[in-house]
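In case you want the letters, here they are:
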Amino acid sequence: MLTTLNTSYTDTRAADLAWALGREPLPALATLDLELDAAKLQLRLLGASHQVLLEENRGTCSETVACIPGSSTPLPLGVAKRVGDWEYEFAARVEVLAPGAFAGRAQELLALVSDHPYGLAGVFPGNPHAFTAMLANRHQGQVAWRTWHAYPQDGQLVATRTRVGVRMPGPAGPVDAAASTGAAGRGRERARLRPSAV
């Protein structure tokens, strides 16, 4: 589904994005409700940001990637975390593209997402390459989604990928791990999850 977001595009930056789990639903400009087998998923566009709400019989999960005032958690390169009975995995990367390449990539992604039954994309008035897009799927018991946040003024495209699956019994390990450098930061740390998978 493709929609025009009823708000003006402001010069937000990829470096301003933050990541959070467990936040309450934030005001959304567009939403898409999906049922993926036993899972209820709501994709939410918050302008240049996104939120995903997942609900299943084993619990709920809320992911927010947005410019969150006062947040101390910048966008990480990778996160692996237990959320109730689920294993949550998140990865992010920033592409920097020349204007021509950026326009082509934007058109490609918008075509992919807008024609997909589990896709939601929002374009800002006045700039067809300023958009936020989300695409969900379910495979082998896992719910997954990918998102793209476009910042044409900087030639930056932020791509994220999330997978949530049932935790399998096994030896105890670390509860969660996250790369210490943000995805939009210096990038000297290697992501825990391969960037090519985003």
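Everything here concerns the structure above.
Summary of the structure given here. (Residues numbered from 1 in each chain as written. Predicted model: local features only at pLDDT ≥ 70, side-chain atom pairs only at ≥ 80, totals over all residues. Heavy atoms only, no water.)

Tallying secondary structure elements over the chain gives one helix and 13 strands in all. Walking the chain from its N terminus toward its C terminus, one meets helices and strands in the order β-β-β-β-β-β-β-β-α-β-β-β-β-β. The buried share of the chain, taken over its 198 residues, is 45%. Look at the contacts in the chain between residues 6 or more apart in sequence, and 61% of them connect residues 24 or more apart. (Helix = DSSP H or I, 4+ residues; strand = E, 2+ residues; numbered from the N terminus. Buried < 20%, exposed > 50% of the residue type's maximum accessible area, 1.4 Å probe, protein only. Contact = heavy atoms within 4.5 Å.)

This paragraph deals with the packing of aromatic side chains. Summed over all chains, the structure comprises two aromatic pairs. Both rings, one in Trp-19 and one in Tyr-88, keep their centres 6.3 Å apart while their planes meet at 35°; by these two values the pair is tilted. Of this pair, Trp-19 sits in strand 2 (residues 18-21) while Tyr-88 sits in strand 8 (residues 86-96), and the two are 69 residues apart along the sequence. Trp-19 gets classed as buried once you look at its relative accessible area, which sits at 11%. Seen from their ring centres, Trp-19 and Phe-90 are 6.1 Å apart, and the 35° between their planes marks the pair as tilted. With Trp-19 in strand 2 and Phe-90 in strand 8, this pair connects stretches of sequence that are 71 residues apart. Here the two residues Trp-19 and Phe-90 agree in accessibility, since each one is buried. Here a set of aromatic residues connected by ring pairs shows up, and it is made of Trp-19, Tyr-88 and Phe-90. (Phe/Tyr/Trp six-rings, centres within 6.5 Å; stacked < 30°, edge-to-face > 60°.)

Note on Phe-90: relative accessible area 0%, which makes it buried. Between the alpha carbons of Phe-90 and Thr-162 there is a distance of 4.5 Å; along the sequence they are 72 residues apart.

All right, on to the sheet that holds strand 6 (residues 59-66) then. Spatial ordering of the open sheet is given by 2-6-5-4-3, a layout of five strands whose pairing is antiparallel. Two strands lie at the open edges of the sheet, namely strand 2 and strand 3 (30-36), each paired on one side alone. Shown here is a sheet whose adjacent strand axes are inclined to one another by a mean of 10°, direction ignored. Two strands pair when backbone bridges link them, and strand 3 and strand 4 (residues 39-45) are joined in this way by seven bridges, in the antiparallel orientation. Paired with Ala-30 across the strands is Leu-45, a residue of strand 4. (Pairing = 2+ DSSP bridges. Axes fitted to C-alpha atoms, helices over the stretch in contact; angles between N-to-C directions.)

Across all of its chains, the model carries seven salt bridges by this definition. In this structure, Glu-108 engages Arg-105 in a salt bridge whose closest nitrogen and oxygen atoms are separated by 2.6 Å. With Glu-108 and Arg-105 both in helix 1 (residues 99-114), this residue pair falls three residues apart, about one helical turn. With a relative accessible area of 47%, Glu-108 lands in the partly exposed category. (Salt bridge = Lys/Arg side-chain N within 4 Å of Asp/Glu carboxyl O.)

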